[in-house]
Amino acid sequence: MPDSRDTSLDRAGAKRPLPKPGIMDIHAYVPGKAQAEGVENPVKLSANENILGSSEHARAAYLAHAGDLQMYPDSRTTILRTAIAERFRLEPERLIFGCGSDEVFALLNQTFLEPGDNIVQGEYGFAAFAIGARACQAEVKLAKEPGYRIDVDEILKVVDDRTRLIFLANPGNPTGTWIPFSEVLRLHAALPPSVVLVLDGAYSEFATDPAFQDGLDFARGTDNVVVTHTFSKLHGLAALRVGWGYAPPEIATAVDRIRLPFNTSIAGQHAAVAALADEDFQKRSIEHVERWRAFLAQQIGGLGLEVVGPSATNFVLVGFPKTPGKTAADADDFLSRRGLLTRRVLNYGLPDHLRVTIGLDEHNRAVVEALAEFVKG
């Protein structure tokens with residue numbers, strides 16, 4: 001059947017291939033900056049990486065497989081599948097693995113979306129949700145987040161009969177805010193059973209309030225809830241790109257049919273197993289974040305700047321005035337010149353904010369001192 005898409009001609013007048021409609025309208029993901037002009041070794045507080053690094057055991061496991069570079073990895077991710085199933089008391093056949101949880105989101109979009117369908121996410125939701133949906137020629141519907149927080153009623157307002165997936169990052173990125181699990185339950189109860197609720201738990205280990213749950217226990221008894229996690233944040237394995245999801249059996253089976261066969265590496269699988277077992281490193285990472293995010297919120301707020309929150313992640317979101325010379329862009333430039341790299345979140349609809357990853361003790365104090373100088377200057 002002929003392709004009905006428009007075609008273009010090159011300079012010689014010959015037809016050339018074009019991407020399908022909508023692809024070139026997608027805004028590519030913009031990572032946090034890693035360099036500052038004139039600064040040799042800047043402090044990178046722009047990507048929410050674990051400032052303590054990663055588990056020594058994970059690094060040893062990674063190095064132990066340096067001699068396996070010629071080998072394909074286990075397509076079933078058996079060693080990590082077994083470790084996660086045992087750690088969280090989950091059925092191993094219901095686990096999905098990806099090149100980071102980003103790929104799990106993309107696989108879910110590919111599994112469920114057709115042109116004309118839609119996903120729903122918060123207006124400040126993680127960019128990867130929307131990128132994957134638009135690649136499937138689906139619509140992205142944004143639910144208002146009053147107070148920079150997911151609102152169940154706002155989500156329900158935009159759900160319609162073409163909604164296939166709802167992506168809920170809890171805690172959220174880039175806001176850092178969260179909602180209690182009672183609200184997640186209220187959302188799920190109001191959804192049609194045909195809608196899949198995806199609970200993105202990338203930062204969930206840093207949410208220590210008793211009212212918070214990641215949803216794994218609840219998902220066990222549902223047909224339309226998927227919970228995702230990553231080894232990039234708490235475990236500090238961002239370079240190895242290992243993410244996973246827990247899904248109903250039918251969804252896990254469907255996703256596995258389109259998943260590329262070798263999407264996690266041998267070294268990544270083994271390093272993730274070692275990281276999962278290193279509870280001391282996890283504890284130290286969480287305690288460090290809890291201590292210093294409270295410090296940053298108190299100190300930065302004391303400068304008269306808005307600190308969104310309270311944050312339940314390993315970063316804080318800071319708001320700036322629109323006053324010329326005192327804007328978020330001005331602050332970002334000021335910090336960069338001092339070797340402190342933060343994240344502008346203009347692409348998330350937050351032009352007046354900077355996202356600041358929690359760093360080492362000296363980094364956090366340097367951020368506060370620099371912002372104090374900026375505010376007073």
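Placed above this text is the structure.
Participant: I'm lost on the layout of surface pockets in this one. Help?
Facilitator: It is a probe the size of a water molecule, rolled over the atoms, that shows where empty space is left. Its volume calculated, the largest pocket comes out at about 550 Å³. Secondary-structure elements contributing two or more residues to the lining of the largest pocket are α3 (100-112) and α4 (127-135). Here the lining of the largest pocket takes 4 residues from α3, the largest share from any one element. Partitioned by chemical class, the residues of the lining of the largest pocket number 14 nonpolar, 8 polar and 8 charged. The calculated volume of the second largest pocket comes to roughly 460 Å³. Every residue lining the second largest pocket is counted, 20 residues in all, and those nearest its centre are Arg87, Phe88, Glu205, Asp214 and His229.

Participant: Is there a simple way to explain the packing of aromatic side chains in this structure?
Facilitator: What characterises a pair of aromatic rings is the spacing of the ring centres plus the angle enclosed by the ring planes. Per the stated rule, a full pass over the model turns up 14 aromatic pairs. Seen from their ring centres, Phe105 and Phe126 are 6.4 Å apart, and the 75° between their planes marks the pair as edge-to-face. Remark: Phe126 occurs in the loop between β5 (118-122) and α4 and Phe105 occurs in helix α3; sequence separation between them is 21 residues. Like Phe105, the residue Phe126 is buried in the burial classification. Relative to Phe218, the ring of Phe181 lies with its centre 5.9 Å away and its plane at 75°, an arrangement referred to as edge-to-face. Of this pair, Phe181 sits in helix α6 (residues 181-190) while Phe218 sits in helix α7 (residues 216-219), and the two are 37 residues apart along the sequence. By relative accessible area, which is 5% here, Phe181 ends up buried.

Participant: I'm lost on the sheet that holds strand β4 (residues 95-98) in this one. Help?
Facilitator: Each strand in a sheet pairs with its neighbour through backbone hydrogen bonds, running either in the same direction (parallel) or in the opposite one (antiparallel). Sheet architecture is open: 7 strands sit in the order β4-β10-β9-β8-β7-β5-β6, paired in mixed fashion. The sheet is open, and its two edges are formed by β4 and β6 (139-143), each paired on a single side. Across the sheet, the axes of successive neighbouring strands diverge by a mean angle of 20°, strand direction being ignored. Strand direction decides the pairing type here: strand β7 (residues 163-169) and strand β8 (residues 196-200), joined by 5 bridges, are parallel. Bridge pairing in β8 links Ile166 to Leu197. Sheet strands touched by α4: β5, β6, β7 and β8. Its angle to β5, the strand with the most contacts, is close to 170°. Docked against the sheet, α6 engages β7, β8 and β9 (225-230), running at close to 160° with respect to β8.

Here is what the cut-offs are and how they apply
- Residues numbered from 1 in each chain as written.
- Predicted model: local features only at pLDDT ≥ 70, side-chain atom pairs only at ≥ 80, totals over all residues.
- Heavy atoms only, no water.
- 1 Å grid on protein atoms, 1.4 Å probe; cavity = no way out; pocket = protein on both sides within 12 Å on 5 of 7 lines; lining within 4 Å.
- Points joined across faces, edges and corners; volume = space filled by probe spheres on them.
- Helix = DSSP H or I, 4+ residues; strand = E, 2+ residues; numbered from the N terminus.
- Nonpolar A, V, L, I, M, F, W, Y, C, P; charged D, E, K, R; others polar.
- Phe/Tyr/Trp six-rings, centres within 6.5 Å; stacked < 30°, edge-to-face > 60°.
- Buried < 20%, exposed > 50% of the residue type's maximum accessible area, 1.4 Å probe, protein only.
- Pairing = 2+ DSSP bridges.
- Axes fitted to C-alpha atoms, helices over the stretch in contact; angles between N-to-C directions.
- Contact = heavy atoms within 4.5 Å.

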